[in-house]
Amino acid sequence: MPPISSAISRTSAIYLGVLGLALLFASDLLLPRVIPGFPREAAWLGQLLAAAWLGAATLNWNGRATVLGGVYGRPLLGLNLTLYVVGALALARVDAVSPLLWLVKGPMSLLGLVYGALLLRGPFDNLDASGGRPV
């Protein structure tokens, strides 16, 4: 069974990769659906966001074997915690009219909580089954 932090990194990499590829190739179609009145000429903003998400996805995929939590994997934790918490807080202000927005809003909030717990608690991989004490 792979470590929990590896599964979290893989999930994050796949999620950001899918979002990034969608915005990279179809931002002129997706952004006007999510943001009413968004001009198609500004699709380059979506592609800029796609570049950031794809970069973070690549970093997560390359660090998937790294133990994350506490002092371990601090650069990966910092990147993901910042990305997901700031993203979730920004999206919390948006009234989700489009169901497409919930595909970003929900997982972003959940992953923000997961990476916050990893940072504060330490690696989940070192916990035993008897009560959550480090082994």
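Preceding this paragraph is the structure being described.
These figures come from a predicted structure and were not determined experimentally.

A. Looking closely at the overall build of the chain. When helices and strands are counted, the chain shows four helices and zero strands. Mapped from its N terminus to its C terminus, the chain presents α and β elements in the order α-α-α-α. The proportion of buried residues among the 135 residues of the chain is 36%. In the chain, the proportion of contacts linking residues at least 24 apart, taken out of those at least 6 apart, comes to 64%.

B. How the structure looks around the layout of surface pockets. In this structure, the largest pocket encloses a volume near 700 Å³. Taken together, 28 residues form the lining of the largest pocket, with Leu31, Val34, Trp53, Leu101 and Val104 sitting closest to its centre. Elements that contribute at least two residues to the lining of the largest pocket include exactly helix 1 (4-34), helix 2 (43-62), helix 3 (74-92) and helix 4 (99-121). It is helix 1 that contributes the most residues to the lining of the largest pocket, eight residues altogether.

C. Main features of the packing of aromatic side chains. Enumeration over the complete set of coordinates arrives at two aromatic pairs. Each ring, one from Tyr15 and one from Tyr84, has its centre 6.4 Å from the other, and the planes form 35°; the classification is tilted. On the criterion of sequence distance, the pair formed by Tyr15 in helix 1 and Tyr84 in helix 3 is long-range, its members being 69 residues apart. One exposure class covers both Tyr15 and Tyr84, and it is buried. Each residue in the set Tyr15, Tyr84 and Tyr115 is aromatic and connected to the rest through ring pairs, giving one cluster. Over the aromatic face of Trp61 sits the side chain of Arg10, whose NZ or CZ is 5.7 Å from the ring centroid.

D. Expanded view of the packing of helix 2 against helix 3. Between helix 2 and helix 3, the shortest axis-to-axis distance is 11 Å and the interhelical angle comes to 145°. The element helix 2 and its partner helix 3 pack so that their crossing is left-handed. Mapping the contact onto sequence places Trp53, Ala56, Leu59 and Asn60 in helix 2 and Leu76, Leu79, Asn80 and Leu83 in helix 3. Per-class residue counts for the contact of helix 2 with helix 3 are six nonpolar, two polar and no charged.

E. Focus on a nonpolar patch on the surface. Side chains of Ile14, Val18 and Trp61 sit close together on the surface and give an oily, nonpolar patch of about 290 Å² of accessible area. Residue position: Val18 is located in helix 1. Using a relative accessible area of 53% as the deciding quantity, one classes Val18 as exposed.

F. Local environment of the side chain of Lys105. With respect to the helices and strands, the residue Lys105 is situated in helix 4. Here Leu91 takes part through its backbone oxygen, which lies 3.2 Å from a polar atom of the side chain of Lys105. A polar contact of 2.8 Å, which involves the side chain of Lys105, links it to the backbone oxygen of Val94.

G. Fine view of helix 3. An ideal rise of 1.5 Å per residue puts 27 Å on 19 residues; helix 3 measures up with 26 Å between its terminal C-alpha atoms. Every buried residue belonging to helix 3 is among Leu76, Leu77, Asn80, Leu81, Tyr84, Gly87, Ala88 and Leu91, and all of these are buried. Buried residues of helix 3, seen end-on, are gathered within an arc of 155° and therefore sit on one face of the element. More than 90 degrees from the buried face of helix 3, the exposed residues found are Pro75, Thr82, Val86 and Leu89. Buried-residue contacts for helix 3 involve helix 1, helix 2 and helix 4.

The rules behind these values
- Residues numbered from 1 in each chain as written.
- Predicted model: local features only at pLDDT ≥ 70, side-chain atom pairs only at ≥ 80, totals over all residues.
- Heavy atoms only, no water.
- Helix = DSSP H or I, 4+ residues; strand = E, 2+ residues; numbered from the N terminus.
- Buried < 20%, exposed > 50% of the residue type's maximum accessible area, 1.4 Å probe, protein only.
- Contact = heavy atoms within 4.5 Å.
- 1 Å grid on protein atoms, 1.4 Å probe; cavity = no way out; pocket = protein on both sides within 12 Å on 5 of 7 lines; lining within 4 Å.
- Points joined across faces, edges and corners; volume = space filled by probe spheres on them.
- Phe/Tyr/Trp six-rings, centres within 6.5 Å; stacked < 30°, edge-to-face > 60°.
- Lys NZ or Arg CZ within 6 Å of the ring centre and 35° of its normal.
- Axes fitted to C-alpha atoms, helices over the stretch in contact; angles between N-to-C directions.
- Left-handed = near helix turned anticlockwise from the far one by under 90°.
- Nonpolar A, V, L, I, M, F, W, Y, C, P; charged D, E, K, R; others polar.
- Patch = residues over 30% accessible without salt bridge, like charges linked within 9 Å, V, L, I, M, F, W, Y side chains within 5 Å.
- Areas by Shrake-Rupley, 256 points an atom, 1.4 Å probe, with all protein chains shown as cover.
- Salt bridge = Lys/Arg side-chain N within 4 Å of Asp/Glu carboxyl O.
- Polar contact = N/O pair within 3.5 Å; in protein donor to acceptor, adjacent residues only side chain to side chain.
- Expected span 1.5 Å × (residues − 1).
- Arc of directions from axis to C-beta.

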